[in-house]
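# Chains, contacts and geometry: an overview
Spelled out from the first residue to the last, the chains are:
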Amino acid sequence: MKGFGDNTSRKSSKYLTIREKLINEAQTYQKKGNLNNAAKCYENIIQRGLEDPKLLSDYGIILFQLGYLENAIDLFKKSINKYPYESTFYINLSNIYKFKNDLLNSEIFIRKSLEIDSKCIISLNNLASILIQKKEFIKAESLALNSLNINYQNNLAHYNLGVIYTNLDRISEAINSFKKAIKFNPEDFATNLNLGATLLK
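Residues numbered from 1 in each chain as written. Predicted model: local features only at pLDDT ≥ 70, side-chain atom pairs only at ≥ 80, totals over all residues. Heavy atoms only, no water.

## As for the overall build of the protein chain
Note the threshold: Numbering goes from the N terminus for both helices and strands, where a helix is a DSSP run of H or I of at least four residues and a strand is a run of E of at least two. Buried residues are those whose accessible area, probed at 1.4 Å on protein chains only, stays under 20% of the maximum for their type, while exposed residues exceed 50% and partly exposed ones sit between those limits. We call two residues contacting when some pair of their heavy atoms lies within 4.5 Å. Here the accessible surface of atoms and residues is derived via Shrake-Rupley with a 1.4 Å probe, and residues count as covered only by protein chains that are part of the display. In this tally Asp and Glu are treated as negative and Lys and Arg as positive; neither His nor the chain ends contributes. Here the site of a charge means NZ on Lys, CZ on Arg, CG on Asp, or CD on Glu.
Secondary structure summary: the protein chain contains 11 helices and zero strands in total. Beginning at the N terminus, the succession of helices and strands in the protein chain can be written as α-α-α-α-α-α-α-α-α-α-α. With the C-alpha coordinates aligned to their principal axes, the bounding extent of the protein chain is approximately 65 × 35 × 30 Å. Burial statistics for the protein chain: of 201 residues in total, 42% are counted as buried. In the protein chain, 45% of the contacts between residues at least 6 apart in sequence involve partners at least 24 apart. Element-wise, carbon and sulfur atoms account for 50% of the exposed surface of the protein chain, whose accessible area totals about 11200 Å². Averaged over its 27 positive side-chain charges, the protein chain has a centre that lies 2 Å from the centre of its 20 negative ones.

Below, the structure is given as structure tokens:
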């Protein structure tokens, strides 16, 4: 992401070394599943004034995983305020609102991510998923098909179509979509479960 690290590059090498050391420690803790200690490392960086937008977002993801939803939202918004041109920040914020079942805000922020990158498959799939929950199946179908035009091996778009067609009672199309999703991701439990249920209809 362009622009990140510009401020820290003007700090002394001593502080850069501290920052990098703490980031490495945080990542090591994350890999081991020790999110509490990873969070402490990120907080240490912030207290030293060495954060950048990506770091704030990464810390927000950890807080989300730890269940501190409002703190995570605050960090994602700070990332956006500091650097409003990165679609990932809006995706993260949308995901947490969706987790909270706040579909209104989830849709608002995923649409903002698409304003930045209209061909982002993650954003297209996520928006389709939100619209499915809102029972706006025709709009969701259009997004899923658009996602497949970008990458046909995109299993989540095939899965979304399977759910859409099931709800529209287009069973043969639903079965076909679930089968395609499994072809590209055979281990996905939800897809296999939905295919089995649809075949019984």
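## A short note on the side chain of Ser79
By secondary structure assignment, the location of Ser79 is in helix 4 (residues 69–82). In this structure, Ser79 is in contact with Pro53, Leu56, Ser57 and Phe89, ignoring residues within four places of it in sequence.

## With respect to the packing of helix 10 (residues 171–184) against helix 11 (residues 189–199)
Formally: Note on geometry: axes are C-alpha line fits, over the in-contact stretch for helices, and angles between N-to-C directions span 0 to 180 degrees. By the definition adopted for this analysis, an angle is roughly parallel if under 35 degrees, roughly antiparallel if over 145, roughly perpendicular if from 65 to 115, and oblique otherwise. Put simply, a crossing is left-handed when the front helix is turned counterclockwise from the back one by less than a right angle, and right-handed when it is turned clockwise. Lys, Arg, Asp and Glu make up the charged group, whereas Ala, Val, Leu, Ile, Met, Phe, Trp, Tyr, Cys and Pro make up the nonpolar group; the residues left over, Gly among them, are polar.
Interaxial distance between helix 10 and helix 11 falls to 9 Å at its minimum, and their mutual angle equals 155°. Our classification of the angle between helix 10 and helix 11 gives roughly antiparallel. For helix 10 against helix 11, the interelement crossing comes out left-handed. Here Ile171, Ala174, Ile175, Phe178, Lys179, Ala181 and Ile182 of helix 10 come into contact with helix 11, specifically with Thr191, Asn192, Asn194, Leu195, Thr198 and Leu199. The residue makeup of the contact of helix 10 with helix 11, split by class, is eight nonpolar, four polar and one charged.

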